[in-house]
Amino acid sequence: MILWLWLCWGFSTSAGQPDSELMARYLEEELMADYSIMEQVARRVPRQAKFLQRLETRPRMSEFTVKSTIISRYAFTTVSCTMVNSGSEAREAVFEMQIPAAAFISNFTMSIGNKTYYGEVTGKEKKHNSDDKARHKKPPSPTDGRENGYETFKASVFIPRKMQAKFLLHYEELLQRRLGKYEYTVSIRPQQLVGRLRVEVNILENSGIVSLEVPPLRNSKYKGNGKVEGDVSPPPSTVVGHTKTLAKVTFNPSVVEQTRIARNGILGDFIIRYDVNRELSVGDVQILNGYFVHYFAPTDLPPLPKNVVFVLDSSASMVGTKLKQTKEALFTILQDLRPEDHFNIIGFSNRIKVWQQDRLVPVTPNNIRDAKKYIHNMSPTGGTNINGAVQTGAKLLNDYIAQNDIDARSVSLIIFLTDGRPTVGETQSSKILSNTKDAIRDKFCLFTIGIGNDVDHRLLERMALENCGMTRHFQEDEDAASHLKGFYDEIGTPLLSDIRVDYPEDNVEQVTQNFFPNYFNGSEIIIAGKLINRTSDSLHVEVTASNSKKYILLKTDVAIDLPSRNDIRGVPGLEDGKGDKNYIERAWSYLTIKELLNSRLKSDDNQEKDYLMEKAKSMALTYNFVTPFTVLKMREAGLHSEPPQEEFISPSTDGIGEKLQSLQGHKAPPGIRRQQDKQRIKISKTSADGDPHFVIDFPSSKFSICFNIDGEPGDILRLVSDHKESGVTVNGQLIGAPAPPNGHKKHRTYFSTITILSNKPERSYLEITPKRIILDDGERLLLSCDRSAIVRSSSLEVSISANSNITVTIRDTISFVILIHHYKKPAPYQRDHLGFYISNSKGLSSVSHGLLGQFLNHEVKLLQESLNTSHQQVGQNQTEALQPNPTNTLKVKGRLIPVVWKQRRIYNGQQEVDCWFAKNNADKLIDGSYKDYLASHPFDTGNSFGTINSL
């Protein structure tokens, strides 16, 4: 026996009922649930007799439960519903559930009386041409079966008298990050009050959960843009609890509380929003049983400049609320444009009107004022020339890019808004799509917005997909202004462009999309794939991208075999289930199927479309997903089958200690790549490291000199000062620590911060600590020292070897290496600190100064005092023969300095240096005294004694 199950596209509307009928339903359910209430309501029951008689025709919902587990953004949801037919004859029961359009149904089971039916996912048979033609004769649905990203799942059965039916629906989705938050939504619309109603959501995020919030129920039929106004408290009976990585949210309203929310049982959407801890790095890479998923969403990046053209429908159909709300949204959007942005506006109907001919204008108060006047004066008239409007906008943007010296890493885009179908000019969708693609030529992205019920949603979706954009659709009676502004907020702050994520080709296969034209603030890039060699120790990951004037390369080696930091066995709500639910494998299959669907949608080649369809269908059948190419049919189970159980089947975590690695923060075993990174450093002895110990190398003289500076905590020492010539200054700030026992010093000092400043060809600075780096060249960029990365601009390159060193190269002629000293278990006299090494000084001038800089272009002579006290110069070939002797002296700029023979260790003690040591804070060795080298603040660029400047 086969029962039919279907998806009802769009929303089902519920007619309003009189308050008396609602009260009757309330009383009936309360009576059936608890007979003790009978005495309290006996006086009112007779007056509702006619309503109770009508209510007999519909089975009562005794239980509605939603239980969800979200593991690293991937959500498994189970909906359980029980309906009771207390009547004297069989009656129809309808189970209806709104689910996100992006979700895939993975299972459905129902039990009716003593019979159980299970869902079987099967492939759709290809329709014959005659069927296709008949189907195309019917005008397509305005929303193609979806309302703002939601679909309605519907199952209808007859329940025998005095029996019950139970429904279990399972669906899965990968949460998308928008406006800096993940949003998980459950529709609670049972359409009647329910005796037992409960929602339970368990969240596990090994990166750490932040900004968890549960806003009020969203009661509107149409879904909002994620913003909550007015009351922001959770719904009544909501309980929220969470630790650093786990959260549990429950919603369990009583019948009375349900009545206060909505007497018709349409409570609304229960929403949970949250984000996870993140930083500028390669992101969060997780591996489980041979599959990996990679989440990339960096923060603390300066926004890229935009070149944006707004193309707005002003046809007659926009009259009234639609055009009014569009204008309101554009007024707000224009105010949010940044000074470095450029823009223009096109209004179109059957005529196309360009605000500023043949150019994009900068964002200035006058231009914003004039643009608002232009938008205010737009009036609805005429037809809809979609093709002509897009062609005009594309030509305008193409000409601007070609004819102007725009920032090479700026982001160009068109935002296109319409409420209708093409009625003027080219009206054939296929030609509009090909014309749009030919006009844009992959040079920028097109974002489309549809308003109302008459819009060709499929056309707008393809226009956006084929041109690296996104699409949104809003209903006419919604708050379109806030939705438009919300959509612009998603794409209005581009942070990176041309993002590419690479893995070794011999280590991975079947990787999902790994190149992305843009990354917008508040969003997230997700890549998944399969590992070829599961025995490998690590997975190398590299992310390359552009940010304004800088090129960024982030890289790391993710260890595969490290045990998980968060073994989730035994975590409440995440118990082992009956099926193997590898969430990473399912996330990979989810992303792969979505990409196949999008590729098929974009394709015009029938053979390619058939291939993509078969590939998506095959994968959907493997993972039991209901997709456009698969259907769910109900079959009766065997005679001895068990009815569906209420217990939630959670993802399997068998062997989780071995298999699950949440690898954010995990590093590869020592020696995999860190040694390679160190080998790339050019060895240099000229340095300031440790307490701090200074070493100056004189390669031509084949000897080194060294000295100590016994400064005070908080002192800022000028190490290199060449601000007037090469534009470079390096300052180091000291931090204090107690002296070791039995030592001769009262305290120790180390470099806690190194500041590198440059004003040529443009102003910039680097502020480096053992934990993080701030790069500011007019746009601030924050980098972590525990992540390997390369950031490159026209005149500056910063290369980070994780937890090891930072190499700074200025104009390819000046290079500094900063070593990072970390102590796992520091002694009381130890502090995490930095060491500063000059690797290349060719770009520094002959008059550079500072504690190190003054020696870079001066020769120092080594003298030996004879027995008759006359001085004689020591030849280079005699230097090695000299023995430690207090009578040895150096001659520096005519000054004689006594020195002694010493050995120093540099590079974390890995190299030993023989040097001539000058005592007493380098008295007479350096110009003046060490106090002359104290800077007033980290950004002090004064390069002569007594002179203070700032960058």
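What you see is a predicted model, and the numbers here were worked out from it, not measured in a lab.

**Student:** Give me the pairing of strand 15 (residues 246-251): which residues, what numbers.
**Tutor:** One face of the sheet, then the other: side chains in a regular strand alternate in exactly this way. Judged from the six bridges that link them, strand 12 (residues 196-204) and strand 15 form a sheet pairing that is antiparallel. Looking at strand 15, one finds that valine 199 is bridged to phenylalanine 251. When strand 14 (residues 238-242) meets strand 15, the two strands line up antiparallel, connected through five bridges. From the neighbouring strand, glycine 241 faces strand 15, where its bridge partner is lysine 248. Between the end of strand 14 and the start of strand 15, which pair antiparallel, lie three residues.

**Student:** Account for the packing of helix 9 (residues 429-440) against helix 10 (residues 457-465), with residues named and values stated.
**Tutor:** A pair of packed helices is captured by two measures, namely the crossing angle of their axes and the spacing between those axes. Between helix 9 and helix 10, the shortest axis-to-axis distance is 10 Å and the interhelical angle comes to 20 degrees. In terms of orientation, helix 9 lies roughly parallel with respect to helix 10. When you trace helix 9 past helix 10, the crossing you get is right-handed. Residues Ser429, Ile432, Leu433 and Thr436 of helix 9 pack against Leu459, Arg462 and Met463 of helix 10. Looking at the contact of helix 9 with helix 10, its residues break down into four nonpolar, two polar and one charged.

**Student:** I'd like to hear about the packing of aromatic side chains, residue by residue, with values.
**Tutor:** The tally for this structure, following the rule as stated, stands at 26 aromatic pairs. With a centroid separation of 6.4 Å and an interplanar angle of 75 degrees, the aromatic rings of tryptophan 588 and tyrosine 623 are classed as edge-to-face. Taken as a pair, tryptophan 588 in helix 12 (residues 583-602) and tyrosine 623 in helix 13 (residues 606-623) lie far apart in primary sequence, 35 residues in all. On the basis of relative accessible area, tryptophan 588 is assigned to the buried category, the value being 3%. An angle of 5 degrees between the planes, with centres 4.9 Å apart, marks the rings of phenylalanine 694 and phenylalanine 707 as stacked. Of this pair, phenylalanine 694 sits in strand 35 (residues 693-698) while phenylalanine 707 sits in strand 36 (residues 703-708), and the two are 13 residues apart along the sequence.

**Student:** Tell me about the side chain of histidine 747, and name the residues and values.
**Tutor:** Position of histidine 747 among the secondary structure elements: in strand 39 (residues 747-758). Here glycine 711 takes part through its backbone oxygen, which lies 3.4 Å from a polar atom of the side chain of histidine 747. Beyond its immediate chain neighbours, meaning those up to four positions away, histidine 747 contacts Gly711, Glu712, Pro713, Ala737, Pro738 and Ala739.

**Student:** How would you sum up the side chain of serine 410? Please name residues and give values.
**Tutor:** Within the secondary structure layout, serine 410 lies in the loop between helix 8 (386-403) and strand 23 (411-418). Here asparagine 307 takes part through its side chain, which lies 3.1 Å from a polar atom of the side chain of serine 410. Setting aside residues no more than four positions away along its own chain, serine 410 makes contact with Pro305 and Asn307.

**Student:** Tell me about helix 13, residues and numbers included.
**Tutor:** For helix 13, with 18 residues, the first-to-last C-alpha span of 26 Å sits near the 26 Å given by 1.5 Å per residue. Its side-chain oxygen placed 3.1 Å from the backbone nitrogen of glutamine 607, aspartate 605 serves as the N-cap of helix 13.

**Student:** Got a sec to walk through the pattern of salt bridges? Specific residues and values, please.
**Tutor:** Per the counting criterion, the structure on display carries 39 salt bridges. Linking lysine 67 and glutamate 200 is a salt bridge whose minimum nitrogen-to-oxygen distance equals 3.8 Å. With lysine 67 in strand 3 (residues 60-71) and glutamate 200 in strand 12, this pair connects stretches of sequence that are 133 residues apart. What makes lysine 67 partly exposed here is its relative accessible area of 23%. Classification of glutamate 200 as buried rests on a relative accessible area of 9%. Among the charged side chains, a network of salt bridges with common partners joins Arg73, Arg177, Glu205, Asp275, Arg278, Asp284 and Glu524.

**Student:** Summarise the sheet that holds strand 16 (residues 268-276); cite the residues concerned and give the values.
**Tutor:** What holds strands together in a sheet is hydrogen bonding between their backbones, with the strands either parallel or antiparallel. Ordered by their spatial adjacency, four strands build an open sheet running 10-11-16-13, and the pairing between neighbours is antiparallel. Each end of this open sheet is capped by a strand with a single partner; those strands are strand 10 (177-178) and strand 13 (209-213). Here strand 11 (residues 181-188) pairs with strand 16 via seven bridges, running antiparallel. Of the residues in strand 16, the one forming a bridge with tyrosine 182 is tyrosine 274.

**Student:** Before we move on, could you go through the confidence of the model for the protein and cite the residues and values that matter?
**Tutor:** Across the protein, the average pLDDT comes to 80, with 78% of residues at 70 or higher. In the predicted structure, residues 646-680 sits below a pLDDT of 50 and forms 96 contacts with residues beyond four places in sequence or in another chain. In this model residues 866-882 is a low-confidence stretch, pLDDT under 50, and it forms 27 contacts with partners more than four residues away in sequence or in other chains.

**Student:** Outline unusual backbone geometry, supporting the account with residue identities and numerical values.
**Tutor:** Residue proline 692 is bonded to the preceding aspartate 691 through a cis peptide linkage, with omega at -20 degrees. In this fold, proline 692 is placed in the loop between strand 34 (687-689) and strand 35. Across the junction of lysine 760 and proline 761, the peptide omega takes the value -5 degrees, indicating a cis bond. Its identity as a non-glycine residue notwithstanding, aspartate 498 has a phi of 55 degrees, on the positive side.

Parameters and conventions
- Residues numbered from 1 in each chain as written.
- Predicted model: local features only at pLDDT ≥ 70, side-chain atom pairs only at ≥ 80, totals over all residues.
- Heavy atoms only, no water.
- Pairing = 2+ DSSP bridges.
- Helix = DSSP H or I, 4+ residues; strand = E, 2+ residues; numbered from the N terminus.
- Axes fitted to C-alpha atoms, helices over the stretch in contact; angles between N-to-C directions.
- Parallel < 35°, antiparallel > 145°, perpendicular 65-115°, else oblique.
- Left-handed = near helix turned anticlockwise from the far one by under 90°.
- Contact = heavy atoms within 4.5 Å.
- Nonpolar A, V, L, I, M, F, W, Y, C, P; charged D, E, K, R; others polar.
- Phe/Tyr/Trp six-rings, centres within 6.5 Å; stacked < 30°, edge-to-face > 60°.
- Buried < 20%, exposed > 50% of the residue type's maximum accessible area, 1.4 Å probe, protein only.
- Polar contact = N/O pair within 3.5 Å; in protein donor to acceptor, adjacent residues only side chain to side chain.
- Expected span 1.5 Å × (residues − 1).
- Salt bridge = Lys/Arg side-chain N within 4 Å of Asp/Glu carboxyl O.
- pLDDT = per-residue confidence, 0-100.

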